[in-house]
Amino acid sequence: MKVGTDELTDVSQAGSVEVPEFMAVKERGSVQHLASRVSGRLADGFGTWDAFGAVFPAVTASGVPKDAAYDVIRQYEPERRGLYSGAVLTVDEDGGMDAALVLRSVYRQGGRTWLRAGAGIVGQSTAAREFEETSEKLESVSRFLVAADGADGADGPQARLAG
């Protein structure tokens, strides 16, 4: 949370950065997260895109500051992450913005559909528990997939989100 606070401080009015919610337990399906919320008032000359740039990608996606995370990801991951750990956002014509970090996702391309989820590995992590948690995250998305008839022109069955 310290890194997130420091990042927001760069674009906020002096003294306006605060933590209105600290380590609250948030249920996400069968997984519980500790979540904190950091807020601040934008300083003169800064807009929503500046705030987004200051805090994105979220440090919570890797658990370490951005530069260190980028170095490790580039060194050890053989392919680009794509949307994973990216953001989905909406922007109003008046500059209002709402963004969400992508940690559980469904992809479809070339007649294939696949799910993606990740785990936050820390010193106390065990491979078995991280696998179990990642499976729980995938299950929280997969139960909303239903078979489609492939009417979009692709060969074979497809999947789509229900609802």
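Rules used in this analysis
Residues numbered from 1 in each chain as written. Predicted model: local features only at pLDDT ≥ 70, side-chain atom pairs only at ≥ 80, totals over all residues. Heavy atoms only, no water. Patch = residues over 30% accessible without salt bridge, like charges linked within 9 Å, V, L, I, M, F, W, Y side chains within 5 Å. Areas by Shrake-Rupley, 256 points an atom, 1.4 Å probe, with all protein chains shown as cover. Salt bridge = Lys/Arg side-chain N within 4 Å of Asp/Glu carboxyl O. Helix = DSSP H or I, 4+ residues; strand = E, 2+ residues; numbered from the N terminus. pLDDT = per-residue confidence, 0-100. Contact = heavy atoms within 4.5 Å. Phe/Tyr/Trp six-rings, centres within 6.5 Å; stacked < 30°, edge-to-face > 60°. Buried < 20%, exposed > 50% of the residue type's maximum accessible area, 1.4 Å probe, protein only.

## Some words on a nonpolar patch on the surface
Moving on, step 1. Together, Met1, Val19, Phe22, Met23, Val25 and Leu34 give the surface a local cluster of nonpolar side chains, amounting to about 580 Å² of exposed area.
Moving on, step 2. Broken down by element, the residue count for the nonpolar patch peaks at four residues, all from strand 1 (residues 18-28).

## Quick notes on the confidence of the model for the protein
Moving on, step 1. Averaged over the protein, the pLDDT score is 79; the fraction of residues at 70 or greater is 81%.
Moving on, step 2. Taking the mean pLDDT of every element in the protein, the minimum, 53, falls on strand 8 (residues 158-161) and the maximum, 88, on strand 1.

## Quick notes on the side chain of Glu7
Moving on, step 1. Along the chain, Glu7 falls in helix 1 (residues 2-9).
Moving on, step 2. Excluding residues within four positions of it along the chain, Glu7 makes contact with Ala54, Val55 and Lys66.

## Some details on the packing of aromatic side chains
Moving on, step 1. Evaluated as defined, the whole model comprises two aromatic pairs.
Moving on, step 2. Centroid distance Trp49 to Phe52: 6.0 Å. Interplanar angle 90 degrees. Geometry classified as edge-to-face. Placement of the pair is Trp49 and Phe52 together in helix 2 (residues 48-55), with a separation of three residues, close to one helical turn.
Moving on, step 3. With relative accessibility at 16%, the residue Phe52 sits in the buried group.
Moving on, step 4. Measuring from centroid to centroid gives 5.6 Å for Tyr107 and Trp114, while their planes differ by 10 degrees, and the two rings are stacked.
Moving on, step 5. We classify Trp114 as partly exposed; its relative accessible area is 27%.

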